[in-house]
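Secondary and tertiary structure notes
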Amino acid sequence: MKTRNFHYILPSMIGVILFYLLPLIWTVFSSFNTKEIGFSNYQNVFTNDAFRLAMKNSFKFIIVCVPLLLFSSLMFSLMIFKRTDKISLFLKSISLLPFAVPVSTIVVVWKSIFNESGFLNIFLFYFGIESIDWLNSEYSFFVLVFTYIWKNMGYTAIIWLAGLNAIPEAQHEAAKIDGASPLQAFLFVSLPNLKQISVLLVILSTLNSFKVFREIYLIGGDYPDQSIYMLQHLLNNWFRDLNISNIAVVGTLMGVFLSIIILLLFKFMNGDE
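What comes next is a walk through the structure. (Residues numbered from 1 in each chain as written. Predicted model: local features only at pLDDT ≥ 70, side-chain atom pairs only at ≥ 80, totals over all residues. Heavy atoms only, no water.)

**As for the layout of surface pockets**
- Roughly 380 Å³ of volume is contained in the largest pocket.
- Along the wall of the largest pocket there are 16 residues; nearest its centre are Phe81, His172, Pro182, Ala185 and Ser190.
- For the lining of the largest pocket, the elements supplying multiple residues, two or more each, are α8 (140–165), α9 (169–177) and α10 (182–193).
- A per-class count over the lining of the largest pocket returns nine nonpolar, four polar and three charged. (1 Å grid on protein atoms, 1.4 Å probe; cavity = no way out; pocket = protein on both sides within 12 Å on 5 of 7 lines; lining within 4 Å. Points joined across faces, edges and corners; volume = space filled by probe spheres on them. Helix = DSSP H or I, 4+ residues; strand = E, 2+ residues; numbered from the N terminus. Nonpolar A, V, L, I, M, F, W, Y, C, P; charged D, E, K, R; others polar.)

**Remarks on empty space enclosed by the protein**
- Scanning the entire structure with this criterion turns up three cavities of 30 Å³ or more.
- Put simply, the parts of the chain that give the lining of the largest cavity at least two residues each are α8 and α12 (213–220).
- Here the second largest cavity defines a volume of roughly 40 Å³.
- In terms of lining residues, the second largest cavity is bounded by Ser58, Phe61, Ile62, Ser209, Phe210, Met230 and Gln232.
- Tallying contributions element by element places helix α3 (residues 49–80) first for the lining of the second largest cavity, with three residues.

**Focus: the packing of α3 against helix α4 (residues 86–94)**
- One way to put it is that α3 packs onto α4 with a least axis distance of 10 Å and a crossing angle of 140°. In terms of orientation, α3 and α4 fall into the oblique class. When α3 is examined against α4, the residues Phe76, Met79 and Ile80 are found in contact with a partner set consisting of Ser88, Leu91 and Lys92.
- Residues belonging to the contact of α3 with α4 are distributed by class as follows: four nonpolar, one polar and one charged. (Axes fitted to C-alpha atoms, helices over the stretch in contact; angles between N-to-C directions. Parallel < 35°, antiparallel > 145°, perpendicular 65-115°, else oblique. Contact = heavy atoms within 4.5 Å.)

**Observations regarding the nonpolar core**
- Core analysis: the largest hydrophobic core is formed by 30 residues, its most contacted members being Phe61, Leu144, Tyr148 and Trp160.
- Broken down by secondary-structure element, the contributors of at least two residues to this core are α3, α8 and α11 (195–208).
- Per-element accounting of this core gives the leading share, ten residues, to α8.
- If we ignore the near neighbours within four places in the chain, the residues touching leucine 144 are Phe61, Val212, Ile216, Ile228 and Met230. (Core = buried A, V, L, I, M, F, W, Y, C linked by side-chain atoms within 4.5 Å. Buried < 20%, exposed > 50% of the residue type's maximum accessible area, 1.4 Å probe, protein only.)

**Observations concerning the packing of aromatic side chains**
- Using the criterion set out here, one finds 13 aromatic pairs in the structure.
- On the numbers, 5.6 Å between centres and 90° between planes, the contact of phenylalanine 46 with phenylalanine 51 is edge-to-face.
- Of the residues examined, phenylalanine 46 reaches a relative accessible area of 39% and is grouped as partly exposed.
- On the numbers, 6.2 Å between centres and 70° between planes, the contact of phenylalanine 125 with tyrosine 126 is edge-to-face.
- Phenylalanine 125 sits in the exposed class, given a relative accessible area of 61%.
- Members of the aromatic cluster, each reached through a chain of ring pairs, are Trp110, Phe114, Trp134, Tyr139, Phe146 and Trp150.
- Above the plane of the ring of phenylalanine 141 lies lysine 60, whose end atom (NZ or CZ) is 4.4 Å from the centre. (Phe/Tyr/Trp six-rings, centres within 6.5 Å; stacked < 30°, edge-to-face > 60°. Lys NZ or Arg CZ within 6 Å of the ring centre and 35° of its normal.)

**Description of helix α13 (residues 231–240)**
- Of all the residues in α13, the buried ones are Leu231, Gln232, His233, Leu234, Asn237 and Trp238.
- Against the buried residues of α13 lie α2 (40–46), α3, α12 and α14 (244–269).
- Following α13 by one or two positions, leucine 242 adopts a phi angle in the positive range, close to 55°.

**Concerning the pattern of salt bridges**
- One pass over the structure, following the stated rule, counts one salt bridge.
- The shortest N-O distance in the salt bridge between arginine 240 and aspartate 241 comes to 3.8 Å. (Salt bridge = Lys/Arg side-chain N within 4 Å of Asp/Glu carboxyl O.)

**Remarks on helix α6 (residues 103–114)**
- The end-to-end C-alpha separation of α6 is 16 Å, in line with the 16 Å expected for twelve residues at 1.5 Å each.
- Buried residues of α6: Val103, Ile106, Val107, Trp110 and Phe114, and no others. Projected down its long axis, α6 carries its buried residues within an arc of 100°, all on one side.
- Residues of α6 that are buried make contact with α5 (97–100), α7 (119–125), α8 and α12. (Expected span 1.5 Å × (residues − 1). Arc of directions from axis to C-beta.)

By themselves, these observations are geometric and do not establish any function.
Given below as structure tokens:
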């Protein structure tokens, strides 16, 4: 029986080895000097000004966007939780709309809104505010943050709602009997039960923060404003130049960084066990 079960998973194991494990090993090996194993490739990358700028912007984007997305989506989910009025049903129905909109359409809409002659500057003009180049200045970072939150808000809120619905109602009733206020019930009943969901959402939100490259690239091209020049731009430009060793270094560093984050989050999730 065990041998028969192994035959079922063998194709998947072969696929994982060929398309995930072997490329990972090759990437790590390529990040070092192939002629003489050493850290000169890492030294070249860390002394590269473009890498420093891209790494700083990417970390800044993650630090700003992930907490802001988790907090705003949690507040949104609490607002519509267990409500059945028409407004709440409408908000639930359109929460995943950003995932159905093509990226090219989003870029066209964003340009019509945030361009120098776009709708936002026309609106600000009536209040005596001079036009702002939202897409080619330091304000581009805030446009990118808005894009990320708008795109991931509904998806994240639905996961929060799933976690809220999984909390036993008896725990909230017991808190009410003990005289807990709604805020205390949320802090001491809801949040502890959302611990695992929050860890999952931090991981997903961090990974999704690397998926806004298409929007930035279609708006700003290979070299957008310095405030939104991300690691993805750097990797794209190096790939165009076939700079494989530097790409392998950055890929290895990103893998190590994400692995450390995930391990710390799982340790936090299992801290009480």
